[in-house]
Amino acid sequence: MKHLAVLALGTLMLGLPVTTPFAFAQTAPEVAAALAEVRFDVPDMTCETCPITVKFAMSRVEGVRSVEVDFDSRSATVIFDPALTDAAKIAEASAQAGYPATVQN
Ligand SMILES: [Cu+2]
């Protein structure tokens, strides 16, 4: 009886790696194609630790995939899923952390 349970568990665990990569292979290209990139001006950054706060605030927005903040140019480049968020919400998060951000044209 014990052996049967172990066998059943083994089969269950073996089944996972077979189905998981297939599911990823199907969804990954769609997700990558749907991502958007926006550059923001963040003029109120005054020292080299300000980008840490901006990056943290923007990264917390649901749907944001990556945030790169450049202190020298007072800008932030954000990659996000437009199905989950938008530039206005990301700018608002930055503003609430003390750094108003505007989309670069
Ligand atoms: Cu600072």
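Analysis parameters
- Residues numbered from 1 in each chain as written.
- Predicted model: local features only at pLDDT ≥ 70, side-chain atom pairs only at ≥ 80, totals over all residues.
- Buried ≥ 20, exposed ≤ 12 C-beta atoms within 10 Å, placed from the backbone.
- Helix = DSSP H or I, 4+ residues; strand = E, 2+ residues; numbered from the N terminus.
- Arc of directions from axis to C-beta.
- Contact = placed C-beta atoms within 7 Å.
- Core = buried A, V, L, I, M, F, W, Y, C linked by C-beta atoms within 7 Å.
- Pairing = 2+ DSSP bridges.

Draft legend 1. Looking closely at helix α3 (residues 87-96). Buried residues of α3: Ile90, Ala91, Ala93 and Ser94, and no others. Considered in projection along α3, the buried side chains sweep an arc of 155° and stay on one side of the axis. Away from its buried face, by an angle of more than 90 degrees, α3 presents the exposed residues Ala88 and Gln96. Contact partners of the buried residues in α3: β1 (36-41), α2 (50-59), β2 (64-70), β3 (75-80) and β4 (102-103). Backbone geometry just downstream of α3 places glycine 98 in the positive-phi region, at approximately 105°.

Draft legend 2. Inspection of the nonpolar core at higher detail. Counting 16 residues, the largest nonpolar core has Val42, Val54, Met58, Ala76 and Val78 as its most contacted members. Setting aside residues up to four positions removed in sequence, methionine 58 forms contacts with Val64, Val67, Ala76, Val78, Ile90, Ala93 and Ser94.

Draft legend 3. Just the sheet that holds β4, in detail. Judged by pairing direction, the sheet is antiparallel, and its four strands sit side by side in the order β2-β3-β1-β4 without closing on themselves. Where the open sheet ends on each side, the last strands, each with one partner, are β2 and β4. In terms of strand pairing, β1 meets β4 through two bridges, oriented antiparallel. Residue phenylalanine 40 lies in a different strand from β4, and its bridge partner there is valine 103.

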